[in-house]
Amino acid sequence: ITGLVYLIYLLVSGEWRSLLFRPRDVPRAVQMQLYYLRLRREHPPQGKHNALQKAAYSFIFFLGVIAVLTGFAIYKESAFPWLTRLFGGYELARYWHFWAVWIFIAFSTVHVLLVFLVDPASLRAMITGWYRGRFPSHD
């Protein structure tokens, strides 16, 4: 229910635009990856979210859609036979659903680790909504 409420908020507020990865974000994502790998010293300019965050959030939304659809395909196979066929049959739908869950777990783990490694102050923002950014704005 919380995820649905957040999705509705993103759509109504237009906030989804700040999370959507676009082709123009590719060079910024490369620079941010270099920073995370410690091959670049200074933090690249960014807006509310850096390019890698946008890529991750866009991907995780897509993964959520896949998880829900594969869930329906394996739970209600007789109700949605076309959906089960779309994923290559019951066994393949289970396979994709299984991997989606593990990718969610990996995403969550890496997400929390990066909060502590890169910007521990952002943990306060996740809890309180207040953040005084330490990174220069780009957007």
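Above: the structure in question.
The text that follows walks through the structure, step by step, so that each part is easy to find. (Residues numbered from 1 in each chain as written. Predicted model: local features only at pLDDT ≥ 70, side-chain atom pairs only at ≥ 80, totals over all residues. Heavy atoms only, no water.)

### Quick notes on the overall build of the protein
Within the protein one finds seven helices and zero strands. Scanning the protein from its N terminus toward the C terminus, one meets helices and strands in the order α-α-α-α-α-α-α. In terms of C-alpha radius of gyration, the protein reaches 18 Å, well past the compact-globule figure of 14 Å for 139 residues. The buried share among the 139 residues of the protein stands at 27%. Once local pairs closer than 6 in sequence are excluded, the contacts in the protein between residues at least 24 apart make up 46%. (Helix = DSSP H or I, 4+ residues; strand = E, 2+ residues; numbered from the N terminus. Rg over C-alpha atoms; globule rule 2.2 N^0.38 Å. Buried < 20%, exposed > 50% of the residue type's maximum accessible area, 1.4 Å probe, protein only. Contact = heavy atoms within 4.5 Å.)

### Re the packing of helix α4 (residues 51-75) against helix α6 (residues 90-118)
Taken N-terminus to C-terminus, the directions of α4 and α6 make an angle of 145°; their axes are 9 Å apart at the nearest point. Judged by the twist between their axes, the crossing of α4 over α6 is left-handed. Along its contact with α4, which presents A56, Y57, F59, I60, L63, G64, A67, T70, G71, A73 and I74, the element α6 presents Y90, A93, R94, W96, H97, A100, I103, F104, F107 and H111. The class makeup of the residues in the contact of α4 with α6 is 15 nonpolar, five polar and one charged. (Axes fitted to C-alpha atoms, helices over the stretch in contact; angles between N-to-C directions. Left-handed = near helix turned anticlockwise from the far one by under 90°. Nonpolar A, V, L, I, M, F, W, Y, C, P; charged D, E, K, R; others polar.)

### Some words on the environment of Q31
Structurally, Q31 can be placed in helix α3 (residues 26-36). Contact partners of Q31, with chain neighbours within four places excluded, come to R40 and P44.

### Structural notes on the side chain of N50
Mapped onto the secondary structure, N50 falls in the loop between α3 and α4. Of the polar contacts made by the side chain of N50, one reaches the side chain of Y36; its length is 3.1 Å. (Polar contact = N/O pair within 3.5 Å; in protein donor to acceptor, adjacent residues only side chain to side chain.)

### With respect to the nonpolar core
Within the largest apolar cluster, five residues are counted, these being I66, A73, L83, F87 and A93. Beyond its immediate sequence surroundings of up to four residues, A93 is in contact with T70, A73, I74 and F87. (Core = buried A, V, L, I, M, F, W, Y, C linked by side-chain atoms within 4.5 Å.)

### Comments concerning the environment of Q53
Among the secondary structure elements, Q53 is positioned in helix α4. Taking the relative accessible area as the measure of exposure, Q53 reaches 26% and is therefore partly exposed. Each C-alpha atom of the pair Q53 and F104 lies 15 Å from the other, and the pair is 51 residues apart in sequence. Polar side-chain contacts of Q53 include one of 2.6 Å to the backbone nitrogen of N50.

### Some points on α4
Between its terminal C-alpha atoms α4 stretches 36 Å, which fits the 36 Å expected from 25 residues at 1.5 Å a residue. Burial in α4 covers these residues: A51, K54, I60, L63, G64, I66, A67, T70, G71 and A73. On its buried face, α4 sits against α2 (16-19), α3, α5 (81-86) and α6. For α4, the side-chain oxygen to backbone nitrogen distance between the N-cap and L52 is 2.9 Å, and the N-cap itself is N50. (Expected span 1.5 Å × (residues − 1).)

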